Amino acid sequence: MGCFEKLLTFAGLKRPVVSEFRTIYVNHKPLGSSRDQPLIEEKYPSNRIITSRYTILSFPVKNLLEQFTRVSPATSIIPLVFVLGVTAVKQAYEDFLRHRADDRVNNTPVHVISGDSMARIKAHEIRVGDVVRVHKNESFPCDLILLASSEESGECSITTANLDGETNLKTVYSVEETKRLQTVEAVCRQLRAKISCEHPTSDLYKFKGNMLLRRQRRSEKPEKVPLSAKNMLLRGAVLRNTEFVQGVAIYTGQETKMQLNSQRGRSKKSVVEKRLDRFLLCFMVFLLVESAFCTVMKWVYVSVDAGISGAWYLPSESAQPWRVVQDFLGFVVLFNYLIPISLYVTIELQKFLGSIFFEFDLEMYFEDPETGEKFRAKANTSDLNEELGQVQYLFSDKTGTLTENRMTFRMCSINGNTYCDVDGQLWLTEEGAATHQCQQLNEVELKFFTVLALCHTVRVERQKSFDRQPQQQNGVSSVTVPDGHGGFVLQQYRVLQVLEFDSDRKCMSVILQRCTDGSYWLLTKGAETSMLEKCSHGDRDAVVKHSGDFAVEGLRVLVIACKELSPALYQQMAAQLLAANQDVANREALTVEAYRVVERDLEALGLTAIEDELQTGVRETITDLRAAGIQVWILTGDKRETAENISLSAGHFDDTMQRIRIVEQQSQAGCLAEVRRGREEISAGDGGYQQAGRRYCLVVDGQSLQFLVAENSAELKAEFLALCQLTSAVLCCRCTPLQKARVVAMVRNGVEPKPVTCAIGDGANDVSMIREAHVGVGLYGKEGRAAALNSDYAFARFQFLRKALLFHGHLYYVRLATLVQYFFYKNVAFITAELFYAFHSGFSAQSLYDTIYLTIYNMTMTSLPILLFGIFEQHVHRYRLYQEPELYITIASNRLLWWRDLLIWCALGLWHSVCCHYGVVAVLAVNDQMGINATFNYGVFEFGALVVQCVMICVTLRLVLVTYSINVPTLIGLVVTVVGFILVMSVYNIIGVNFFAFNNFLWVYFDINKQPVSWLIMLVLTAVSLTPDLLLKCLQDSRNKASMKELQVPEADM
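Residues numbered from 1 in each chain as written. Predicted model: local features only at pLDDT ≥ 70, side-chain atom pairs only at ≥ 80, totals over all residues. Heavy atoms only, no water.

Caption draft 1: Structural context of the overall build of the protein chain. For the protein chain, the count of helices and strands is 33 helices and 37 strands. Out of the 1054 residues belonging to the protein chain, those deemed buried represent 51%. The long-range share in the protein chain, meaning contacts at least 24 apart out of those at least 6 apart in sequence, stands at 72%. Counting every atom, the protein chain has about 49500 Å² of accessible surface; 57% of that belongs to carbon and sulfur. (Helix = DSSP H or I, 4+ residues; strand = E, 2+ residues; numbered from the N terminus. Buried < 20%, exposed > 50% of the residue type's maximum accessible area, 1.4 Å probe, protein only. Contact = heavy atoms within 4.5 Å. Areas by Shrake-Rupley, 256 points an atom, 1.4 Å probe, with all protein chains shown as cover.)

Structure below.
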């Protein structure tokens, strides 16, 4: 690479050239046999972790840039500095805490093999290629490839709760060639290796690489050993039940999988924030128009002789361009208080404190009765609180979300016969009733239960003090089977290969070798949609029949199959897997092909039927959400019959709904025909589309869904979406994680007007759906914590969603909508008087208010009451929100922040400003002096002080009028605001120095408030100003009551 290209790369204008894979020399030693060869230094990032956002040098610039992206810089300096300063202090403190946490992690002592000995260094000093030793109960400092452990088998046990929330033990394996390198001497003297692996990715469960390994003092060619995720120890995992492990660092610092998964996802913005942006843009335009008008009027006033002849104290001016621009900017500065800068700080505080109430809600607290684990609601973000009150579409997973995810064996089908579980005993059934207990197993039944006993990845853990050995040791599994003569015999199998489950194959297999006769066996279990294609022997018809029967009862089915492998077929398959594992670039494709070759021509033995019970409160929750105007979609990977049965029992479907099914379609044309048929069926119903839509529900399977939500089928997607909008409920079964996300994206981007979507799930397969929705809710499920960690809000039970939306979401939205409009209103009421005064001051940009009022109006005079309103206001009793979910409809579609509502608030602010300004003018214009014996002379500062006090009383009482729950915090806020204003003004009134300019306010505040006429003016003007507010409140309350009567459903129909 030439100097020019290097310069472009250094400047960030060109991406650096990197190889497809990284090369790592273990312990930094080359493959050569000489011990005197120099160490190799890999050029990879250090192991230092950085979660902080700023450094000492970058903080001033970066923080200011971030602030100016949020507010307009065209504001007065003191309030701007205050707003930015408060936010900067908050963010600086938070980042300081992150720096402290980073230092604790980065300075953790670790042990590495350096040269020929063990060295103790800090975690951030680990380099890629270092051999690290980790001891029992310690966390791994970086991503490692396991070389050896204290166990002779080279295995170790870890927990990954910090990564995916799963608390069960997982086993990681070292490669056979390195598992005996358990000492420092063995590593230094015998190990020479080079690792080629993929570049860092965020996927916790995938890893591809090879190790080229050659032992010291051996002349043979280096051996190529495949590496996979089974050999990988991830940063954040903890070593358990193993004294120590030794591994080579492959990813360090910000490149570890844990850090890559810690990066923030797509930024979400609520509908309130989007509407607020439009409000601010409108007010910015109005500010510029207002400033331009005053600038024009100023020069019109100057050009008229009659206007300036009496003002002998003003110098003559000519309309020079620079002077016009200067006047325009002066008016911009004068009127910039129209833009509520402090609104952002108030919103941040309101959301943050509101999320604390969400987390402290005891009604959303859950303790698992089985494990005793305790879960409280968690707000991973506070930016979307109000979005919980705007949800129109809910997308829910089924297993673990609507159900307990507690699998209980109920029935099975073997060789055409059905069996059930009765108190732990196997009974034969006929027509659904148990007839007699099975005393003896035939050959097929024995083979069926042998597959159940061996086809799994369960690891049995026992205490070392026990004399008995675990059933699975060194790759050998044992199973006890009847010998046919009333006794039992222990059969042992050697586990050769585990073909793990994936969402494409929808099955898992194990390959075993029976120790008694050396025969090879493939044992497989999986979903019937994929398994029936793989089976060519056995009673397939019985499997199909009983699969449907079990699904109708709401049971989940799993097909069981097996076949005996010839030694030649197994060797061929093992060779294919070895070649696939060694090919890093094409490993996945070659592995799938190897699986496909062996997983065919199976013998279908039967199927199991598992029950997964509904969670408590699911039916009531779905019913209330539907009454609240939220359309519920269930997206599940289960069989259609099972999913429909669960939807029926969960209240998602009901018996009165007519079902439209789009299933087993093989093309876009077939899907389009079914969609149009469904729309015609609905349109043919009585009452047309809108009325008939209540009587229909839609069922779609994954096979058809791949065409309906495909990226290249815009017409089909639009028609499908239109059909969905005509139905009351939608059920998508046999969905893949990608299809779930595409369904959410289809509704999010396709429905007009744009709706607010919410997705809820409990497993890692729901993460893409949760991230795609406007609001993502994760449940603490039995499938780990991936959903909860990637969500916006998390709790333990589906029924808590009812309170999260209908109570918390409702109040969050109403509070914030009122808060936003109130800020615009009070600024209009305050600053419009400056415009009126400009007509009296010859448009000279003279301010009506003293600097102190401009400075503290938004910071202290009016900020605390509205903040406490945004936290504690409850306009409807909580029990009414539960009992009348229809109240949720009254705030849907951002109804409280329509332009009409903002105009009403601003009109009231304008009226209050007119009353306060011209009411004072009306009194003072006919009285050169006022007060007792007419001895008090007033000027512009006295005039402004009286106007601003009238404005403050009006805006404060206006807030009291819209408050429905006057509570202790609200009263405290009002008292603190009034007392604080009096104290601030008293201190400012008596000081002799003004920090902003020469002090013209000395004793003004006391003089004004000594005059009885001032109190009379404030009383009369307040009464006149708030009369329209009282009438409007009465009108709105009566209309709200009338609209609620229309929404309420008669009790007999509920």
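Caption draft 2: Broad picture of the pattern of salt bridges. Under the definition given, this model contains 37 salt bridges. In this structure, Glu-404 and Arg-797 form a salt bridge, with 2.8 Å as the shortest nitrogen-oxygen distance. Within this pair, whereas Glu-404 is found in the loop between strand E17 (393-396) and strand E18 (408-414), its partner Arg-797 is found in the loop between strand E35 (793-795) and helix H25 (800-840), the two being separated by 393 residues in sequence. Exposure remark for Arg-797: the relative accessible area of 9% places this residue in the buried category. One salt bridge connects Arg-410 with Glu-611, and the closest N-O pair in it is separated by 2.4 Å. Of this pair, Arg-410 sits in strand E18 while Glu-611 is found in strand E28 (residues 602-611), placing the two residues 201 residues apart along the sequence. Via salt bridges that share partners, Asp-361, Glu-363, Lys-803 and Arg-878 belong to a single interconnected network. (Salt bridge = Lys/Arg side-chain N within 4 Å of Asp/Glu carboxyl O.)

Caption draft 3: Broad picture of the sheet that holds strand E5 (residues 143-149). Spatial strand order, E3-E2-E4-E13-E5-E11: six strands in an open sheet with antiparallel pairing. Of all strands in the sheet, those with a lone pairing partner are strand E3 (117-122) and strand E11 (232-233), marking the two edges. Here strand E2 (residues 109-114) pairs with E3 via six bridges, running antiparallel. By the bridge assignment for E3, Pro-109 is matched with Lys-122. (Pairing = 2+ DSSP bridges.)

Caption draft 4: How the structure looks around the packing of aromatic side chains. By the definition in use, this model includes 25 aromatic pairs. For the ring pair Phe-357 and Phe-872, a centre distance of 5.7 Å and an interplane angle of 85 degrees mean the geometry is edge-to-face. In this pair, Phe-357 is assigned in helix H10 (residues 342-359) and Phe-872 in helix H27 (residues 863-872), connecting sequence segments 515 residues apart. A centroid spacing of 6.3 Å and a plane angle of 75 degrees characterise the contact between Tyr-393 and Trp-633, whose relative ring orientation is edge-to-face. (Phe/Tyr/Trp six-rings, centres within 6.5 Å; stacked < 30°, edge-to-face > 60°.)

Caption draft 5: Spatial organisation of the sheet that holds strand E30 (residues 658-662). Sheet architecture is open: nine strands sit in the order E16-E35-E34-E33-E17-E29-E32-E31-E30, paired in mixed fashion. Each edge of the open sheet is held by one strand with a lone partner, namely strand E16 (378-379) and E30. Bridge count between strand E34 (residues 775-779) and E35: three bridges; the pairing is parallel. Across the sheet, residue Gly-778 finds its bridge partner in E35, namely Ala-794. Sheet contacts for helix H22 (residues 737-750): E17, strand E29 (631-635) and strand E33 (757-761); angle to E29, the most-contacted strand, approximately 160 degrees. (Axes fitted to C-alpha atoms, helices over the stretch in contact; angles between N-to-C directions.)

Caption draft 6: Quick look at the pairing of E34. Among the five residues in E34, five count as buried, and that is most of the element. Residues Val-775, Val-777 and Leu-779 point to one face of E34 and Gly-776 and Gly-778 to the other, with burial holding for every one of them. Where E33 meets E34, four bridges bridge the pair, whose relative direction is parallel. From the neighbouring strand, Ala-759 faces E34, where its bridge partner is Gly-776. With respect to chirality, the unit in which E33 leads through helix H23 (residues 767-772) into the neighbouring parallel E34 is right-handed. (Right-handed = clockwise from strand over helix to strand, strands pointing away.)

Caption draft 7: Spotlight on the confidence of the model for the protein chain. For the protein chain, the average pLDDT comes to 81, and 82% of its residues sit at 70 or higher. Across residues 464-474 the pLDDT falls below 50, and counting only partners more than four positions away or on other chains, this stretch makes 13 contacts in the model. (pLDDT = per-residue confidence, 0-100.)

Caption draft 8: Region of interest: the packing of helix H26 (residues 851-861) against helix H30 (residues 940-962). Packing of H26 against H30 leaves a shortest axis separation of 13 Å and a crossing angle of 15 degrees. It follows from the interaxial angle that H26 and H30 lie roughly parallel. In the crossing of H26 with H30, the sense of the turn from one axis to the other is right-handed. The segment H26 lies against H30, with Tyr-853, Tyr-857 and Met-861 engaging Ala-945, Val-948, Val-951, Met-952 and Val-955. Along the lines of polarity and charge, the residues of the contact of H26 with H30 split into eight nonpolar, no polar and no charged. (Parallel < 35°, antiparallel > 145°, perpendicular 65-115°, else oblique. Left-handed = near helix turned anticlockwise from the far one by under 90°. Nonpolar A, V, L, I, M, F, W, Y, C, P; charged D, E, K, R; others polar.)

Caption draft 9: Looking closely at unusual backbone geometry. Omega for the peptide link from Glu-752 to Pro-753 comes to -10 degrees, which places this bond in the cis form. We note that Asn-415 has phi near 55 degrees; this positive angle belongs to a residue other than glycine. Structurally, Asn-415 can be placed in the loop between E18 and strand E19 (417-422). A relative accessible area of 44% means that Asn-415 is categorised as partly exposed.

Caption draft 10: Inspection of the side chain of Glu-719 at higher detail. Relative to the elements of secondary structure, Glu-719 occurs in helix H21 (residues 714-725). Judged by its relative accessible area of 16%, Glu-719 falls in the buried class. Among the polar contacts made by the side chain of Glu-719, one reaches the side chain of Arg-676 at a distance of 3.1 Å. (Polar contact = N/O pair within 3.5 Å; in protein donor to acceptor, adjacent residues only side chain to side chain.)

Caption draft 11: Local environment of the pairing of E5. Counting buried positions along E5 gives seven out of seven residues, so the element sits mostly inside the fold. The sheet contact formed by E5 and strand E13 (residues 244-251) spans six bridges and is antiparallel. Paired with Ala-148 across the bridge in E13 is Gln-246. Sheet topology note: the E5/E11 ladder contains two bridges and is antiparallel. Among the inter-strand pairings, Ile-145 is bridged to a residue of E11, identified as Met-232.

Caption draft 12: The arrangement of helix H16 (residues 618-627) in detail. Taken together, the buried positions of H16 are occupied by Val-618, Thr-621, Ile-622, Asp-624 and Leu-625. Here the buried residues of H16 occupy an arc of 165 degrees about the axis, which is enough to place them on one side. Each element contacted by the buried residues of H16 is listed here: E17, E29, H25 and helix H28 (878-883). Gly-629 lies just past H16 and shows a positive phi near 85 degrees. (Arc of directions from axis to C-beta.)

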